[in-house]
There are 2 protein chains.
Amino acid sequence: MAKQNIYDNEIFFEGYKKIRENEANANNVFEIPALFSLLPDLNGKSVLDLGCGFGEHCKGFIQSGAAKVVGVDISAKMLEVAREENSDPRITYLNMAMEDIGSLEEHFDVVVSSLAFHYVEDFDGVVGMIYRLLNKDGEFIFSQEHPLNTCFSGGSRWTFDENGEKIFANVSNYCVETENGSTWFVDNVKRYHRMFSTIINTLTDNGFEVKKLIEPTADAELLEKYPQFKDSRHKPDFLVVKAVKR
Amino acid sequence: MAKQNIYDNEIFFEGYKKIRENEANANNVFEIPALFSLLPDLNGKSVLDLGCGFGEHCKGFIQSGAAKVVGVDISAKMLEVAREENSDPRITYLNMAMEDIGSLEEHFDVVVSSLAFHYVEDFDGVVGMIYRLLNKDGEFIFSQEHPLNTCFSGGSRWTFDENGEKIFANVSNYCVETENGSTWFVDNVKRYHRMFSTIINTLTDNGFEVKKLIEPTADAELLEKYPQFKDSRHKPDFLVVKAVKR
């Protein structure tokens, strides 16, 4: 199956860097806190980070006590930044597709992946490899775009009322599991839509026990600080999952 | 918390009976096959059916080999029909709210519930009682309205194109977990919306291991037979879950 490397596209890369620099983006406000809230105590643990990008999380895992971190990314450009900005003797950055991690020989206590799986066609194959790379009782924590986002297949994403307020998220083809080309800085970034049930069943069919899900949304306190995230009450942007190998 | 007994309302009861008599309704086409596909071999097993209604499923479990079935329903009117039409010496019908099953003294191999939990306010409390009533390795299989349905909070459910085709399901307040009054034959049938993550976390927090989810939708073969179910490609009507007590 295809392995997608959109992050080495120059226009995409620059656009992506820019939104990551904006403090109050949805990643910083919703996704990262949710993902980190599901991490176990990393003291002395070995961690594999799939789709590690600029390596900020890898560095964070070391700062949280991890003994060893391996960061994998398909984009050489992303890893160039990671090696410059987030290097550490305990971190190894590997330029490979996550579809190829079956070739790794070591095992890990924790596997983490932040917002990468919706770009992966063979989710089942990757989950199977992750299961084999984990030690017993090892934990697998990941985030991805929410299934209500990945199912988008054209038209307007929202219905507005006469005052310009978003009143409905427009959901279509939620049950059609396919590749949805989308435009994000560049044309035809491929996203693979999977229903909620498919995501969970892929985990359990590969032997994982699902422990916890988070669909991050803005609570009253957060809305006061960031009123721009009101939409997240209608539709969450992310799904965050914790599973364990028994 | 409130225990809702809508099925003893005369108008609701008659309206409900009518749709259940229609062969090609969504229950018969999607929900019942999905629910039954998750059942284990019932031979010699004891089964508890929560919200058993007319008792058709109770009778079905006996026909599938179950040694003993207890059917619980809050509606005396529903159980009157059950005792007339689906009686068996191995079936006991109990007129009680499922919020009161903590008072049962026997244990069960299988707990089933078909399309009842979205009427229940204290889902967490009921799931905890089910866990305690199950034998070790006992299975818990249930269906409920899909979270994309229960989140409905007013306005039109669909956006149509100029040809009258449904192009978007209108989703609002998916992240607002509240009681949504809806009109189904009578006004203000209370439905309790819970996000996907809340449903799964309630199971795992109470000790269950989630094994399998189904979001039933029409495939090509079914669409040919029942073109009226084309909408189900945009949004499934039901969520069906199998969990195990370890």
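In what follows, the structure referred to is the one given above.
What this report covers is the structure whose coordinates are included nearby. Everything numeric here is computed off the predicted structure, so don't read it as measured data.

1. Section: the overall build of chain A
Across its full length, chain A holds eight helices and eleven strands. On C-alpha atoms alone, chain A measures out to a radius of gyration of 18 Å, which is about the 18 Å that the 2.2 N^0.38 rule sets for 246 residues. In terms of principal-axis extent, the alpha carbons of chain A reach across some 60 × 40 × 35 Å. Here chain A, with 246 residues, has 57% of them falling under the buried criterion.

2. Quick notes on the interface of chain A and chain B
On the side of chain B, 34 residues touch chain A, which itself brings 34 residues to the contact. Buried area between chain A and chain B, summed over both chains or domains, comes out near 2,800 Å², and the portion from carbon and sulfur atoms is 57%. Interface area lost by chain A to chain B is led by F168, C175 and E215 of chain A, which between them contribute 20%. Scanning the region where chain A abuts chain B turns up zero salt bridges. Our enumeration of links across chain A and chain B arrives at 18 residue pairs in polar contact (both at pLDDT 80 or more). At the level of secondary structure, the elements contributing two or more residues to the side of chain A that touches chain B comprise β7 (166-171), α7 (196-205) and β10 (208-214) of chain A.

3. Some remarks on the packing of helix α5 (residues 123-133) of chain A against α7 of chain A
All names here are of chain A. Between α5 and α7, whose axes approach to 9 Å, the crossing angle comes to 35°. Judged by the twist between their axes, the crossing of α5 over α7 is right-handed. Across from F123, D124 and V127 in α5, the residues of α7 making contact are I199, T202 and L203. Residues belonging to the contact of α5 with α7 are distributed by class as follows: four nonpolar, one polar and one charged.

4. Some words on the environment of H57 of chain B
Residue and element names in this part refer to chain B. As for its placement among the helices and strands, H57 is situated in helix α3 (residues 56-63). Here H57 falls in the buried class, since its relative accessible area comes to 10%. If we skip the residues at most four places from it in the chain, H57 touches I32, L35, F36, D49 and S114.

5. As for the side chain of N25 of chain A
By secondary structure assignment, the location of N25 of chain A is in the loop between α1 (10-21) and α2 (26-37). At 2.8 Å, the side chain of N25 of chain A forms a polar contact with the backbone nitrogen of N28 of chain A.

6. Quick look at the sheet that holds strand β6 (residues 158-160) of chain B
In space, the four strands of this open sheet follow the order β6(A)-β7(A)-β7(B)-β6(B), with antiparallel pairing throughout. Each end of this open sheet is capped by a strand with a single partner; those strands are β6 (158-160) of chain A together with β6 of chain B. The average angle at which neighbouring strand axes cross in this sheet is 35°, direction not considered. Across three bridges, the pairing between β6 of chain A and β7 of chain A is antiparallel. Within β7 of chain A, the position partnered with W158 of chain A by the bridge is A169 of chain A.

7. Observations regarding the pattern of salt bridges
All names here are of chain B. What the rule picks out here adds up to 22 salt bridges over all chains. With a closest N to O distance of 2.3 Å, K68 and E106 form a salt bridge. Pair noted here: K68 is in strand β2 (residues 68-73) and E106 is in the loop between β3 (91-95) and β4 (108-114), with a separation of 38 residues, a long-range link. Exposure remark for E106: the relative accessible area of 30% places this residue in the partly exposed category.

8. What to know about the nonpolar core
Residues I130, F140 and Y174 of chain A together with I130, F140 and Y174 of chain B are the most contacted members of the largest nonpolar core, which totals 82 residues. Beyond its immediate chain neighbours, meaning those up to four positions away, F140 of chain A contacts V111, F117, V127, I130, L134, L203, F208, V241, K242 and A243 of chain A.

9. Let's talk about the relation of the copies chain A and chain B
Overlaying chain A with chain B gives an RMSD of 0.0 Å, the required rotation being 180° about an axis along which the chain moves by 0.0 Å. In short, the pair behaves as if placed about a two-fold rotation axis. Considering only C-alpha atoms, the part of chain A nearest the rotation axis is N170 of chain A, at 2.6 Å. Both copies contact each other with a shared surface, as 100% of the interface residues of chain A are interface residues in chain B too.

10. A word on the pairing of β4 of chain B
All names here are of chain B. Along β4, six of the seven residues are buried, which leaves the element largely enclosed by surrounding structure. The sheet contact formed by strand β1 (residues 46-50) and β4 spans four bridges and is parallel. Residue pairing for β4: L48 is matched across the bridge by V111. For β4 and strand β5 (residues 134-145), the ladder comprises six bridges, and the chain directions are parallel. Counterpart to V112 in the pairing with β5 is I141.

11. Quick look at a negative patch on the surface
Residue and element names in this part refer to chain A. A contiguous patch of negative charge, built from E56, E80, E84 and E85, is present on the exposed surface. Broken down by element, the negative patch gets its largest block of residues, three residues, from helix α4 (residues 76-85). Tracing the sequence through the fold places E84 in helix α4.

Parameters at a glance
- Residues numbered from 1 in each chain as written.
- Chains lettered and ligands numbered in written order.
- Predicted model: local features only at pLDDT ≥ 70, side-chain atom pairs only at ≥ 80, totals over all residues.
- Heavy atoms only, no water.
- Helix = DSSP H or I, 4+ residues; strand = E, 2+ residues; numbered from the N terminus.
- Rg over C-alpha atoms; globule rule 2.2 N^0.38 Å.
- Buried < 20%, exposed > 50% of the residue type's maximum accessible area, 1.4 Å probe, protein only.
- Contact = heavy atoms within 4.5 Å.
- Buried area = accessible area lost by both parts, 1.4 Å probe.
- Salt bridge = Lys/Arg side-chain N within 4 Å of Asp/Glu carboxyl O.
- Polar contact = N/O pair within 3.5 Å; in protein donor to acceptor, adjacent residues only side chain to side chain.
- Axes fitted to C-alpha atoms, helices over the stretch in contact; angles between N-to-C directions.
- Left-handed = near helix turned anticlockwise from the far one by under 90°.
- Nonpolar A, V, L, I, M, F, W, Y, C, P; charged D, E, K, R; others polar.
- Pairing = 2+ DSSP bridges.
- Core = buried A, V, L, I, M, F, W, Y, C linked by side-chain atoms within 4.5 Å.
- Least-squares fit on C-alpha atoms with pLDDT ≥ 70 in both.
- Patch = residues over 30% accessible without salt bridge, like charges linked within 9 Å, V, L, I, M, F, W, Y side chains within 5 Å.
- Areas by Shrake-Rupley, 256 points an atom, 1.4 Å probe, with all protein chains shown as cover.
- Lys, Arg positive; Asp, Glu negative; His and termini not counted.
- Charge placed at Lys NZ, Arg CZ, Asp CG, Glu CD.

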